[in-house]
Amino acid sequence: MSQALEQHFDDTIAHDQRIEPRDWMPDAYRATMIRQIAQHAHSEIIGMQPEGNWLTRAPSLRRKAILLAKVQDEAGHGLYLYSATETLGADRTDLTNRLIEGRQKYSSIFNYPTLTFADVGVIGWLVDGAAICNQVPLCRSSYGPYARAMIRICKEESFHQRQGYELLLTMMRGTPAQRDMVQDATDRWWWPSLMMFGPPDTDSPNTAQSMAWRIKRHTNDELRQRFVDMTVPQAQALGVTLPDPQLRWNAERGHHDFGQPDWAEFKRVIGGEGPCNTQRIAQRRRAHDEGAWVREAAVAYATKQAARDLDNGAAT
Amino acid sequence: MTEHGDERSREERSRRERSELASERSERPVASAPPAGAHESTGAAIKQNWPLFEVFVRSKRGLNHVHVGSLHAADADMALHHARDLYTRRNEGVSIWVVRSDAITASSPDEKDPFFAPSGDKVYRHPTFYEIPDGVPHI
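Just so we're clear, the structure is a prediction, and the values are computed from it rather than from any experiment.

J.: When you look at the packing of helix α5 (residues 92-100) of chain A against helix α12 (residues 277-290) of chain A in this model, what are you seeing that I'm missing?
T.: For any two helices packed against each other, one specifies the inter-axial angle together with the distance between the axes. All names here are of chain A. Running from N to C, α5 and α12 cross one another at 140°; their axes reach a closest spacing of 9 Å. With respect to α12, the axis of α5 lies oblique. Contact with α5, carried on its side by T96, N97, L99 and I100, involves I281, R284, R285 and H288 of α12 and no other residues of that element.

Laid out in structure tokens, this is it:
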């Protein structure tokens, strides 16, 4: 019996069809999907904080409205993804607890601080640009609800990247001090952005299985290369220098050569020793704890209303 | 959903299970998840987690409502407001349905072949089953 089920699962994957929630799937596939989607959801939720930091200090009402919409989108993306994990039997409250207890991870990128308003632009350009590179292939991920959530998310990410780039263009047309801010933010976010694609293929033990299950469609290094190739002309148009002395066009390969991020730093930040890890989790925990009374009050109200409806029904 | 009647026999209906759409929810709890009905503080209704609702959006007039995902809310009114904020931030909808996930009944994937077998061998229900000479117009 279980062999037949496994065969059916393998055939579905081999025919490039989607696995849907109540299909039989190997335990390891289910666990991998829950882990990956939950980490992705956590990243979106924690990802509200670095930019949220600038909401009250945006330089104009226009920029504030844009930033507010963007941060709201990140919340939405987190919720689409939590919804996808629940189709696999995960429990939302449990996932939130895992995040605030440090038992489940989120993208290392959000453990870096946003020091100036130029960081808001660079996050849109580089961080969301890298996210798009990562996420577009996930729209064809083998797990149906995840792929559908990614389609929705990718549509919205495009706005995120363009608003960031436009913000930077505006600053580059400003004063020398503003141009310096953009260069400084680029210098600080470039390497962490390259780390978003994960460790090098030689050090990524799960990639082969995820590719076989068509959860992933490209390796970390393939996506990193694609991102660098896309970004170089954007940096030129903007007038900033990417902080990598090894970065140059390789006509033979038809791609840019580039240096490696500091993988020791990557491991430290993932391991909890980034500049903002403690602050990010503390903030998420505080929001959860301080929102408890709202969740409870809403349940109390719903319970009371339901009881009244019952009474009225009985009376008539 | 509500737009078409259910002509299936009672026997067939009884075989259907709860609920795929029901957030397309898996029957299998994750090992670490609390058992169904377990809440932060058992006995205190006030601590209950918000139930799960499925969301269906009509993207424009003339089209069906389509399932777009799920969300948690304390009651149906709140679910509607959350659905508006979550699934229609960019004019994606002109109408929204929400329904408690545990109120949906769905066919079982384990039986999908026998369940749909009655329509599998009825090729004569398709227009291409019938051969019409080339010279006959408008058919």
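J.: Would you take a moment to explain the environment of W213(A) for this structure?
T.: Residue and element names in this part refer to chain A. Tracing the sequence through the fold places W213 in the loop between α9 (207-212) and α10 (220-238). With a relative accessible area of 13%, W213 lands in the buried category. Separated by 199 residues in the primary sequence, W213 and A14 have C-alpha atoms spaced 8.8 Å apart. With residues up to four places along the chain from it excluded, the contact list for W213 reads F9, I13, A28, Y29, T32 and S142.

J.: Just to check I follow, could you spell out the pattern of salt bridges for this structure?
T.: Between side chains of opposite charge, a pair can form when the charged atoms approach closely. Taken as a whole and judged by the stated rule, the model has 23 salt bridges over all chains. The partner of K267(A) in a salt bridge is D203(A), and the shortest N-O contact between them spans 3.2 Å. Residue K267(A) is found in helix α11 (residues 263-273), and its partner D203(A) is found in the loop between α8 (176-195) and α9; the two are separated by 64 residues along the sequence. Between K122(B) and D121(B) there is a salt bridge whose closest N-O contact spans 3.3 Å. Relative accessible area serves as the criterion here: at 19%, K122(B) is assigned to the buried category. If you follow the salt bridges from partner to partner, you end up with E51(A), K70(A), E74(A) and D128(A) in one network.

J.: Sorry if this is basic, but what is going on with unusual backbone geometry here?
T.: Positive phi, normally seen in glycine, also occurs at D16(A), with a value near 60°. Position of D16(A) relative to the elements: it lies in the loop between α1 (2-14) and α2 (27-46). Exposure remark for D16(A): the relative accessible area of 37% places this residue in the partly exposed category. Even without being glycine, N91(B) reaches a positive phi, approximately 60°. In this fold, N91(B) is placed in the loop between α2 (76-87) and β4 (95-100).

Cut-offs used in this document
- Throughout, residues of each chain are indexed from 1 in the direction in which the sequence is written.
- Note on labels: chains are lettered from A, ligands numbered from 1, in written order.
- Given that this is a predicted model, residues contribute local features only at a pLDDT of at least 70 and side-chain atom pairs are listed and counted only at 80 or more, while totals for whole chains, interfaces and linings are drawn from all residues.
- Computation of side-chain values: all heavy atoms of the structure, hydrogens and water removed.
- Only C-alpha atoms enter the line fits that serve as axes; for helices the fit covers just the stretch in contact. Angles between N-to-C directions range over 0 to 180 degrees.
- Helix and strand assignments follow DSSP, with helices taken as H or I runs no shorter than four residues and strands as E runs no shorter than two, numbered in order from the N terminus.
- Oblique is the label for any angle not under 35 degrees, not over 145, and not in the 65 to 115 range, which are roughly parallel, roughly antiparallel and roughly perpendicular in turn.
- Any two residues whose heavy atoms approach within 4.5 Å at even a single point are treated as in contact.
- Buried means the residue's accessible area, taken with a 1.4 Å probe over protein chains only, is under 20% of the maximum for its type, while exposed means over 50%, and partly exposed covers the values in between.
- Only one rule defines a salt bridge in this text: a Lys or Arg side-chain nitrogen within 4 Å of an Asp or Glu carboxyl oxygen.

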